[in-house]
Amino acid sequence: FAPSSFVTQTRYPVAHNRIALSKSSYDAKVSKSSLQMSAGTPSTALQMGDKEPETKSLGKKIFDAYTKTANVATTLFPLWTVICSAIALKKPTAFSWFTTQYFTAALAALMLSMGITLTPKDFTDVLQEPASVLMQFSLCYGMMPVLALGLGRFFGLEPALLAGLVLVGSINGGQASNLCTYIAKGNVALSVLMTTATTIGAIFMTPLLCKGLLGAVVPVDAKGIAFSTVQVVLAPIAIGMTTNKFFPNFVKAILPFAPVVGVVSTCLLVASAVAQVAEPILNAGISLQIPIILLHLLGGLVGYMLPRLTSFDEISSRTMAIETSMKSSAFGFLLAKLHFGEYAARVPSAVSVVWMALTGSILAVIWRYIPIKDEKK
C-alpha cells in the first residue's frame, strides 16, 4: 500500500534490468521526482569530491531531516502494519471513526499517488516488453484466483470465507510491491508497469472472476464491483496523470510528501479493516490464517518459478514473484464490504492485509542477500 511515488522518487540502479525499457524513458520517469535531491544521498558534485557548501539554510536542513525520516518510515511500513493490526485486534473501537467514506477516500488517495507518477508514455512502454507484463497479468488473474479457490476448499472454509479468499486472489497487485521489488533488487520500472496493468485490469477482471467463480457460492454484485473499481481506481489514476501532465511543477513539489501520506493512509486502512472484523478474525483462529498465508507465499513462489522455467531472467522473475504475492487487500476489503451479501466475506481481506505485507517483505529481504548472476539473453 505504500505509494508507488516512493519508488519513483529514488534513483534506483538499473544496470541489471533486462527488459526493453529504454534507459532514457526510465531516467525520465525517475527524474520527475524531487526526493532524489533530498533523500540523504550526496549530490553529484559531492560525489566528485567537491566540498559541501559551508552554509545551509534552516529550511534546507529541516527538509533534509524530513526526507531522511520519511525514507526510513516508508521502508519500515510492514512493521507499522503489524503494530496497527495488533492495536485494532486489541481495541477495535480505536478505529471506529474511520468509516467507509474515509476508507474509500484513503484508497483513492493511494491510487492518486500512483497516478501523479505516471504519464501516457508509461503505458506505451508496456508494448516494448509485453511478455513480462502479460506473464504477470496471467499469474495475477489466472493462477491466484484458482489457487485461492483450491486452498479454501482444501481447508474446508465456509462459503462466505471461501468467497472472501477468492476475492483476495482476484484483485490487483498492491502499490507496496514496488517498494519490496526495490528491496529485492528487482526491476522497479517493470514493477510499476505491472502494478498499473493489473490495477487497470481489475476494472473488468475482478467482477468477472468473482461472478464466474463465486456466483453459485454467495451473492455477488458484479456491476457494483465494476463501478467501485472505476470510482476508486480509474478516476484517481486519471486525475493524477492529468495533474502530472498539466501541472508538473506542482507534482514535483508534493512528491516528497507522498510517502508519509501513503504510510499513514496504509496504516489506517489496515487498522480499520482489522478492527471492523476483529471478533471474526479471533474466532476463526489458525484455520483461516493458514490458507491466507499459503495464498501469498505459494503465489510468490509460483510467481518466481514459472517465469524462471520459461526463460525469464532472475531480475524479472523476482519482480513478477513479488507482484503476484502482494495483492491490494484493502481494496478487496472495500469490495467485500460493499458488494458481497455475506458479512464474513470481508474477513479474509482483513487478515490478508497483514500477511501480504509480511510475505512480500520477507521475500524481498531474502532476495536482497542473494547475489544476481550475470545472465546473457
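It should be emphasised that the depicted structure is a prediction, and the values quoted were computed from it without experimental measurement.

Q: Looking at this structure, I do not really get the overall build of the chain. What am I missing?
A: The helix and strand inventory of the chain stands at 18 helices and zero strands. Across the 377 residues of the chain, 54% fall into the buried class. Across the chain, the fraction of contacts at a sequence separation of at least 24, relative to all contacts at a separation of at least 6, is 85%. Of the roughly 16,100 Å² of accessible surface on the chain, 69% is carried by carbon and sulfur atoms.

Q: Explanation requested: the packing of helix 15 (residues 286-309) against helix 16 (residues 314-325) in the structure shown.
A: For any two helices packed against each other, one specifies the inter-axial angle together with the distance between the axes. Two elements in contact, helix 15 and helix 16, have axes whose closest approach is 7 Å; the angle formed by their N-to-C orientations is 155 degrees. Judged on the interaxial angle alone, helix 16 and helix 15 are roughly antiparallel. In this structure, helix 15 crosses over helix 16, and the sense of that crossing is right-handed. Facing helix 15, whose interface residues are His296, Gly299, Gly300, Gly303, Tyr304, Pro307 and Arg308, helix 16 presents Glu314, Ser317, Arg318, Met320, Ala321, Thr324 and Ser325. Taken together, the residues of the contact of helix 15 with helix 16 break down into four nonpolar, seven polar and three charged.

Q: Would you mind going over the state of the cysteines with me for this structure?
A: Disulfides are covalent bonds that link the sulfur atoms of two cysteine residues. Inspection of every chain in the model, using the stated rule, returns zero disulfides. Free of any disulfide, Cys84 has its nearest neighbouring cysteine sulfur in Cys267, separated by 3.9 Å.

Q: Please clarify how the packing of aromatic side chains should be interpreted in this entry.
A: How two aromatic rings sit relative to each other is given by the distance of their centres and the angle of their planes. Enumeration according to the criterion identifies 11 aromatic pairs in this entry. Their ring planes at 40 degrees and their centres at 5.5 Å tell us that Phe103 and Phe333 sit as a pair that is tilted. One end of the pair, Phe103, is in helix 5 (residues 100-115); the other, Phe333, is in helix 17 (residues 329-339), with 230 residues separating them in the sequence. For the pair formed by Phe103 and Phe333, the shared burial category is buried. Ring centres of Phe154 and Phe155 lie 5.2 Å apart, and the angle between their planes is 80 degrees; this geometry places the pair in the edge-to-face category. The exposure class assigned to Phe154 is exposed, which follows from its relative accessible area of 67%.

Q: Can you walk me through the nonpolar core in this structure?
A: Looking at soluble globular proteins, one finds that nonpolar side chains tend to be buried together. Core analysis: the biggest nonpolar cluster contains 69 residues, and Phe103, Leu107, Leu269, Leu295 and Phe340 have the highest contact counts within it. At nine residues, helix 7 (residues 130-154) tops the list of elements feeding residues into this core. Ranked by size, the runner-up nonpolar core spans 15 residues in total, among them Ala176, Cys180, Met326 and Leu363.

Q: When you look at the environment of Ala330 in this model, what are you seeing that I'm missing?
A: Note on placement: Ala330 falls in helix 17. Accessibility expressed as a relative area gives 0% for Ala330, which makes it buried. Residues Ala330 and Gly174 lie 156 residues apart in sequence; the distance between their C-alpha atoms is 9.0 Å.

Q: What is the right way to read the pattern of salt bridges from this model?
A: This structure, assessed with the given rule, holds three salt bridges. Between Arg308 and Glu314 there is a salt bridge, and its shortest N-O distance comes to 3.5 Å. A relative accessible area of 31% places Arg308 in the partly exposed class.

Q: Honestly, the confidence of the model for the chain in this entry has me stumped. Any pointers?
A: Interpretation of this model should avoid reading the predicted coordinates in detail wherever pLDDT is low. This prediction gives the chain a mean pLDDT of 78; 82% of its residues lie at or above 70. Contacts of residues 1-48 to residues separated by more than four positions or lying in other chains number 124 contacts, the stretch itself having pLDDT below 50.

Q: Would you explain unusual backbone geometry in this entry?
A: With a phi close to 60 degrees, Lys185 is a non-glycine residue in the positive phi region. As for its position among the elements, Lys185 is in the loop between helix 9 (176-183) and helix 10 (188-214). The backbone phi angle of Ser311 is positive, close to 75 degrees, even though this residue is not glycine. Here Ser311 shows up in the loop between helix 15 and helix 16.

Q: Is there a simple way to explain helix 4 (residues 77-90) in this structure?
A: Structural remark: α-helix, 3.6 residues per turn; residues separated by three or four positions point the same way. Between its first and last C-alpha, helix 4 extends 20 Å over 14 residues, near the 20 Å set by a 1.5 Å rise per residue. Those residues of helix 4 that sit buried are Phe77, Pro78, Thr81, Cys84, Ser85 and Ala88. The buried residues of helix 4 occupy one face: seen down the axis, they fall within an arc of 125 degrees. Structurally, helix 4 contributes buried residues whose contacts are with helix 3 (58-75), helix 9, helix 13 (258-276), helix 14 (278-284) and helix 18 (347-368).

Q: Can you walk me through the environment of Gly212 in this structure?
A: Relative to the assigned elements, Gly212 resides in helix 10. Note on Gly212: relative accessible area 63%, which makes it exposed. Spatially, the C-alpha atoms of Gly212 and Ala222 are 9.7 Å apart, while their sequence positions differ by 10 residues.

Q: Please clarify how helix 8 (residues 159-169) should be interpreted in this entry.
A: With 10 of 11 residues buried, helix 8 lies mostly within the body of the structure. Burial in helix 8 covers these residues: Ala160, Leu161, Leu162, Ala163, Gly164, Leu165, Val166, Leu167, Val168 and Gly169. Lining the buried residues of helix 8 we find helix 7, helix 10, helix 15, helix 17 and helix 18.

Procedures and definitions
Residues numbered from 1 in each chain as written. Predicted model: local features only at pLDDT ≥ 70, side-chain atom pairs only at ≥ 80, totals over all residues. Heavy atoms only, no water. Helix = DSSP H or I, 4+ residues; strand = E, 2+ residues; numbered from the N terminus. Buried < 20%, exposed > 50% of the residue type's maximum accessible area, 1.4 Å probe, protein only. Contact = heavy atoms within 4.5 Å. Areas by Shrake-Rupley, 256 points an atom, 1.4 Å probe, with all protein chains shown as cover. Axes fitted to C-alpha atoms, helices over the stretch in contact; angles between N-to-C directions. Parallel < 35°, antiparallel > 145°, perpendicular 65-115°, else oblique. Left-handed = near helix turned anticlockwise from the far one by under 90°. Nonpolar A, V, L, I, M, F, W, Y, C, P; charged D, E, K, R; others polar. Disulfide = S-S within 2.5 Å. Phe/Tyr/Trp six-rings, centres within 6.5 Å; stacked < 30°, edge-to-face > 60°. Core = buried A, V, L, I, M, F, W, Y, C linked by side-chain atoms within 4.5 Å. Salt bridge = Lys/Arg side-chain N within 4 Å of Asp/Glu carboxyl O. pLDDT = per-residue confidence, 0-100. Expected span 1.5 Å × (residues − 1). Arc of directions from axis to C-beta.

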